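# A look at the structure
Below are the chains, spelled out letter by letter.
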Amino acid sequence: MRLIMMGPPGAGKGTQAKFVAEHFGIPAISTGDIFRANVSKGTPLGVKAQGYMDAGEYVPDEVTNLMVRNRIDEDDATPGFLLDGYPRTLAQVEELDGMIKFTGHSLDAVVVLTVDAEEIVQRLLQRAEVEGRADDTEDVIRRRQEIYTEQTEPLIDVYRGRGLLIEVDGMGEVADVTERIFAALDTVAQS
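In short, a report on the structure.

Rules of the game
- Residues numbered from 1 in each chain as written.
- Predicted model: local features only at pLDDT ≥ 70, side-chain atom pairs only at ≥ 80, totals over all residues.
- Heavy atoms only, no water.
- Helix = DSSP H or I, 4+ residues; strand = E, 2+ residues; numbered from the N terminus.
- Expected span 1.5 Å × (residues − 1).
- Buried < 20%, exposed > 50% of the residue type's maximum accessible area, 1.4 Å probe, protein only.
- Contact = heavy atoms within 4.5 Å.
- Salt bridge = Lys/Arg side-chain N within 4 Å of Asp/Glu carboxyl O.
- Polar contact = N/O pair within 3.5 Å; in protein donor to acceptor, adjacent residues only side chain to side chain.

The end-to-end C-alpha distance of helix α4 (residues 61-72), which contains 12 residues, comes to 16 Å, matching closely the 16 Å that a straight helix rising 1.5 Å per residue would cover. For α4, the complete set of buried residues consists of V63, T64, N65, M67, V68, R71 and I72. Against β2 (28-30), α2 (31-41), α3 (44-54), β3 (81-84) and α5 (90-102) lie the buried residues of α4.

Here it is as C-alpha cells:
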C-alpha cells in the first residue's frame, strides 16, 4: 500500500500515520520527524531546515525531495509506505509521481483529515506546552495554516481529480478517527 496522509498542521496526521502504517505493515515516513532528527543531531541538513522551521516556513523542495527519495529507496519501503508531510507543493507532487513510477507501482490513496482551524490552534498550543516544542507559538501555527492553505490545499484537488482522495473527519477521539480511516481504506485496491 502506497499512501499519503494530508491535512493541516495539527490535524493528527502523525498520530494516525503510525496506526495506519502499523496496520498495513509499511513504514510511516514523516518529513517533520526526519527534519527534527537532523536538527537535534546538528547535521548540515538540520541546520538548514531549522531556520525555515523556526519561521513556520516550508523547507525548500530540493532538500525535501532528496530526503524523501532516499527514504523510500530503503528496503523496508519496498512493500509500500505512508507519507506524512509530503508532498506539500505541486512541484513535490510531480517529483513523487516520478519516484513511485520508477518503482513500477502507483499511489493507492490520499487520506485527508478535515478539522476545524481554531481546534487546530488549540491542539498545537497544548502540544507545545506538553512537549516543550518552541516551534509551536501561536504566530507560527497561524503562519503554517496560511502556508497550508496557499500551497498544500491545491494538492487536494489534484488528487481528487485522479480519483485517489479519501476525506476523513479528523475531529473527535483518536480511536474514532482511526476507525473512520480504516473503514475508508478497506475499499482501496493496492497497486
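There's more to say after this.
On to the pattern of salt bridges, then. Pairing between side chains becomes possible if they bear opposite charge and their charged atoms approach one another. All told, the structure shown has 12 salt bridges when counted by the stated rule. Of the charged contacts in the structure, one is a salt bridge between R162 and D97, with a shortest N-O distance of 2.8 Å. Of the two residues, R162 is situated in the loop between α7 (138-161) and β5 (165-169) and D97 in helix α5; the sequence distance between them amounts to 65 residues. With a shortest N-O distance of 3.1 Å, R142 and E138 are connected by a salt bridge. Of the two residues, R142 and E138 both sit in helix α7, four residues apart, roughly one turn of that helix. Residue classification places R142 among the partly exposed residues on the basis of a relative accessible area of 27%. The exposure class assigned to E138 is partly exposed, which follows from its relative accessible area of 37%. One salt-bridge network, held together by shared partners, links E57, R143 and E146.

Checked against the element boundaries, T64 lands in helix α4. Here T64 falls in the buried class, since its relative accessible area comes to 4%. There is a polar contact of 3.4 Å between the side chain of T64 and the backbone oxygen of V59. Apart from the residues lying within four places of it in its own chain, the contact partners of T64 are T31, F35, V59, Y86 and Q92.

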